[in-house]
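# Chains, contacts and geometry: an overview
So the chains spell out like this:
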Amino acid sequence: MMETKVSQQYNQMASVYDRRWSGYILNTLLFLKNWAQIPPSATVLDVGCGTGEFEKIVLAENPTQHMVGVDISQKMLAIAQKKCHEYTNVSFQTASVLQLPFADDSFDVIVSASAFHYFDAPDAALTEMKRVLKPDGCVVILDWCRDYFLCQVCDILLKIFDPAYKQCYSQAEFHNLLAAAGFEIRRASKVRFGIVWGMMIATATPQPK
């Protein structure tokens, strides 16, 4: 199963992850925070939260923000819990995006950064996010974009050499997945971080029932 491979890979790299990818993590997560403009009163779910760096960034600005992080790597989550242990308004859980352990309509904002390319069933993942999102809430997803040439190269190489990797998408494909899952795109953009990392981001809300 793809998620098992992803979990094993990130458990192995957990202890060095923040150091190895420090620049990428800081640049992309600061961009995500500024883009998302999360209201201080919002309850936030971070899907694929990793070592909890996004939580740390948000809490530095709003220490009372209610946040839940989920990931399939227990060792990454252990680091996240240590980072945020003094915040009773933040929690972390081991969970698959395909089976989130929350009731319907639980969150005001759902974010996910640099995880979508690992989702084995992105359509099902988006449907599950929509289930736990409040009808007036929003989802904000930041991920690699295949519209950039170097991301196309990475996509080809990772499919060959990385058994945990699924694929990255063009912006059009990504938007089609959001629409098929019942989302309306409110804001979207593409952005480059350095030479290699071409990214796309979208804020989307549930389509009215």
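What counts, and at which threshold
Numbering of residues starts from 1 in each chain and follows the order in which that chain's sequence is written. Since the coordinates come from a predicted model, pLDDT governs what is reported: local features require at least 70, and pairs of side-chain atoms require 80 or more to be given and counted, while whole-chain, interface and lining totals use all residues. As a rule here, side-chain values come from all non-hydrogen atoms in the structure, and water together with hydrogens is ignored. Secondary structure elements follow DSSP: runs of H or I of four or more residues count as helices, runs of E of two or more count as strands, with numbering from the N terminus. Here the globule rule reads 2.2 Å times residues to the power 0.38, and the radius of gyration is calculated from C-alpha atoms. A simple rule labels every residue: compare its accessible area, found with a 1.4 Å probe on the protein chains alone, to the largest value its type can have, and call it buried under 20%, exposed over 50%, or partly exposed in between. Under the convention used here, a 1.4 Å probe and the Shrake-Rupley method define accessible areas, while residue burial counts only the protein chains that appear. When charges are tallied, Lys and Arg are placed among the positive residues and Asp and Glu among the negative ones, while His and the ends of the chain are skipped. For the purpose of locating charges, the reference atoms are NZ of Lys, CZ of Arg, CG of Asp and CD of Glu. Residues belong to one nonpolar core when they are buried, are Ala, Val, Leu, Ile, Met, Phe, Trp, Tyr or Cys, and are joined through side-chain atoms within 4.5 Å. Any two residues whose heavy atoms approach within 4.5 Å at even a single point are treated as in contact. Salt bridge, as used here, is a side-chain nitrogen of Lys or Arg placed within 4 Å of a carboxyl oxygen of Asp or Glu. For patch building, the residue pool is restricted to those with more than 30% relative accessible area and no salt bridge; the joining distance is 9 Å between like charges and 5 Å between nonpolar side chains (Val, Leu, Ile, Met, Phe, Trp, Tyr).

### Considerations on the overall build of the chain
Looking only at helices and strands, the chain has seven helices and seven strands in total. Secondary structure of the chain in N-to-C order comes out as α-α-β-α-β-α-β-β-α-β-α-α-β-β. Taken over C-alpha atoms, the radius of gyration comes to 16 Å for the chain, in line with the 17 Å a tight globule of 209 residues would show. Projecting the C-alpha coordinates of the chain onto the three principal axes gives extents of approximately 40 × 40 × 35 Å. Within the chain, the fraction of its 209 residues that count as buried is 53%. Counting only carbon and sulfur atoms, one obtains 55% of the accessible surface of the chain, whose full area is about 9,900 Å². Of the side-chain charges in the chain, 19 are positive and 21 negative, and the distance between the mean point of each set is 4 Å.

### Remarks on the nonpolar core
In this structure, Leu 32, Leu 45, Ile 110, Leu 126 and Met 129 are the most contacted members of the largest nonpolar core, which totals 74 residues. Tallying contributions element by element places strand S5 (residues 133-144) first for this core, with seven residues. If we ignore the near neighbours within four places in the chain, the residues touching Ile 110 are Leu 45, Val 47, Met 129, Val 132, Leu 133, Cys 138, Val 139 and Val 140.

### A word on the pattern of salt bridges
Side chains that carry opposite charge are capable of pairing whenever their charged atoms lie near each other. In the structure shown here, the tally under the stated rule is 11 salt bridges. The closest approach of N and O atoms between Asp 147 and Lys 190, which form a salt bridge, is 3.2 Å. Residue Asp 147 is found in the loop between S5 and helix H6 (149-161), and its partner Lys 190 is found in strand S6 (residues 183-193); the two are separated by 43 residues along the sequence. Through salt bridges with shared partners, one network takes in Asp 18, Glu 53 and Lys 83.

### Considerations on a nonpolar patch on the surface
Side chains of Ile 156, Leu 157, Ile 160 and Phe 161 sit close together on the surface and give an oily, nonpolar patch of about 460 Å² of accessible area. In this structure, Ile 160 sits in helix H6. For Ile 160, a relative accessible area of 58% corresponds to the exposed category.

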